[in-house]
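Single-letter residue listing:
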Amino acid sequence: MPEYHGNVKVGGPAQTHELANLMITKVAVGPMDNNAYLLRCRQTDEQVLIDAANEADTLLTLIGDGGIARVVTTHRHGDHWQALAEIVARTSATTVAGRYDAEGIDVPTDQLVDEGDHISVGNCSLRVIHLVGHTPGSIALLYDDPDGAPHLFTGDSLFPGGIGNTQGDAERFTSLLDDVETKLFGTLPDETWVYPGHGSDTTLGTERPHLKEWRERGW
């Protein structure tokens, strides 16, 4: 398997990041170039999907015959759940979302999650981090790999080059940057791998030197 770099394109092949206990497969889907992530525990083969964003057939092919136990939606914006209804209908997966965003997702949420909750992927675990600003209930998901660097799925709250869009709202911008600075950069090491909701991956170490610059520019 080729070395993982996380650069995927809509219509192109998926990329798989092979960790000691967890397989992370990234694929780009839909007109807004959304990333969807399929996680598989290497010991149990249980799978969890992060953001059934679009192209249900593409996602179902990725999932394969093993099915998925859960599908987690990182936030309420519609481009992140266009395929959710079909995925749930075809897999009977449990739906998971942040407590304060579930009301904005058209598919009912089975499991509401809050800061510090854990979502299992077989023998692996994702810790929920609540980030307020892009939406009221956006969540990031942390896989703290016992055998290596942490892995962080940030939805639309953190990207290479800045935080998520807050539509020019100064209060939302400050809230999101404060949360990102405190809960992500303030607690996790530079080698933390970041998987965003759109586009290329990054690391916290790559982005950390620019935090002051982001605050000064205000977006």
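Residue indices follow the written sequence of each chain, beginning from 1 at its first position. Local features in a predicted model are, by the rule used here, given only for residues with pLDDT of at least 70; side-chain atom pairs are given and counted only at 80 or more, and totals for whole chains, interfaces and linings are based on all residues. As a rule here, side-chain values come from all non-hydrogen atoms in the structure, and water together with hydrogens is ignored.

Here the phi dihedral of aspartate 51 falls at roughly 65°; this positive angle occurs in a residue that is not glycine. The helix and strand labels rest on DSSP assignments: H or I over at least four residues marks a helix, E over at least two residues marks a strand, and numbering proceeds from the N terminus. Residue placement: aspartate 51 occurs in the loop between strand S4 (47-50) and helix H1 (56-63). Of note in this structure, serine 92 is not a glycine but carries a positive phi near 60°. You can see serine 92 is positioned in the loop between helix H2 (84-91) and strand S6 (94-98).

Attention now moves to the sheet that holds strand S9 (residues 124-130). DSSP calls a pair of strands paired once it identifies at least 2 bridges connecting them. The strand order across the open sheet formed by six strands is S8-S9-S10-S11-S14-S15, and the pairing between neighbours is mixed. The two strands at the open ends of the sheet, each matched to only one other strand, are strand S8 (118-121) and strand S15 (202-203). Sheet topology places S8 next to S9; four bridges connect them, and they run antiparallel. Bridge assignment links isoleucine 119 to a residue of S9, and that residue is leucine 126.

Exposure is judged per residue with a 1.4 Å probe applied to protein chains only, and the accessible area is read against the type maximum: over 50% gives exposed, under 20% gives buried, and values in between give partly exposed. Burial within strand S11 (residues 151-155) is extensive, with five of its five residues counted as buried. Neither face of S11 is open: one carries His151, Phe153 and Gly155, the other Leu152 and Thr154, and all of them are buried. The sheet contact formed by S11 and strand S14 (residues 193-196) spans four bridges and is parallel. For leucine 152, the partnering residue across the bridge sits in S14 and is valine 194.

Any pair of Phe, Tyr and Trp rings, taking the six-membered ring for Trp, is counted once the centres come within 6.5 Å. Such a pair is stacked with planes under 30 degrees apart, edge-to-face with planes over 60 apart, and tilted for the rest. Following the criterion strictly, the structure yields seven aromatic pairs and no others. Taken together, a centroid distance of 6.3 Å and an interplanar angle of 70° make the contact between phenylalanine 185 and tryptophan 214 edge-to-face. Here tryptophan 214 lies in helix H5 (residues 211-217) and phenylalanine 185 lies in helix H3 (residues 170-185), a separation of 29 residues in the sequence. When sorted by exposure, phenylalanine 185 lands in the same class as tryptophan 214, which is buried. An aromatic cluster is defined as three or more aromatic residues linked by ring pairs; in this entry it consists of Tyr4, Tyr37, Phe153, Trp193 and Tyr195. Charge-over-ring placement is defined geometrically: NZ (Lys) or CZ (Arg) within 6 Å of the ring centre, and within 35 degrees of the ring normal. Taking NZ or CZ as reference, arginine 217 lies 3.8 Å from the ring centre of tryptophan 219, over its face.

Attention shifts here to the side chain of threonine 16. Following the sequence through the fold, threonine 16 ends up in strand S1 (residues 15-18). Within the structure, threonine 16 has its side chain in polar contact with the side chain of threonine 25 (distance 2.9 Å). Between N or O atoms, a polar contact is any pair within 3.5 Å; within protein, one atom must be a potential hydrogen donor and the other a potential acceptor, and residues adjacent in sequence are included only when both atoms are from side chains.

A general feature of soluble globular proteins is that nonpolar side chains tend to end up buried together. Here, nonpolar core means buried Ala, Val, Leu, Ile, Met, Phe, Trp, Tyr and Cys residues that are tied together by side-chain atoms lying within 4.5 Å of each other. In this structure, Leu22, Ile24, Leu39, Ile119, Leu126, Leu141 and Phe153 are the most contacted members of the largest nonpolar core, which totals 22 residues. At the level of secondary structure, the elements contributing two or more residues to this core comprise strand S2 (22-29), strand S3 (34-41), S4, S8, S9 and strand S10 (139-143). Residues are treated as being in contact if the distance between any of their heavy atoms lies within 4.5 Å. Each residue touching leucine 141, except ones within four places of it in the same chain, is listed here: Ile50, Val72, Ile119, Leu126, Arg127, Val128, His151, Leu152 and Phe153. Counting 21 residues, the second-largest nonpolar core is a separate cluster that includes Leu49, Ala53, Leu60 and Ile105.

Should a side-chain nitrogen of Lys or Arg be within 4 Å of a carboxyl oxygen of Asp or Glu, the pair is scored as a salt bridge. The full count for this structure, using the stated rule, is twelve salt bridges. Of the charged contacts, one joins aspartate 201 and lysine 26 as a salt bridge, the two residues approaching to 2.5 Å between their closest N and O atoms. Residue aspartate 201 is located in the loop between S14 and S15, and its partner lysine 26 is located in strand S2; the two are separated by 175 residues in the primary sequence. Accessibility expressed as a relative area gives 13% for aspartate 201, which makes it buried. Ionic contacts of the salt-bridge type, sharing partners, join the residues Arg76, Asp101 and Glu103 into one network.

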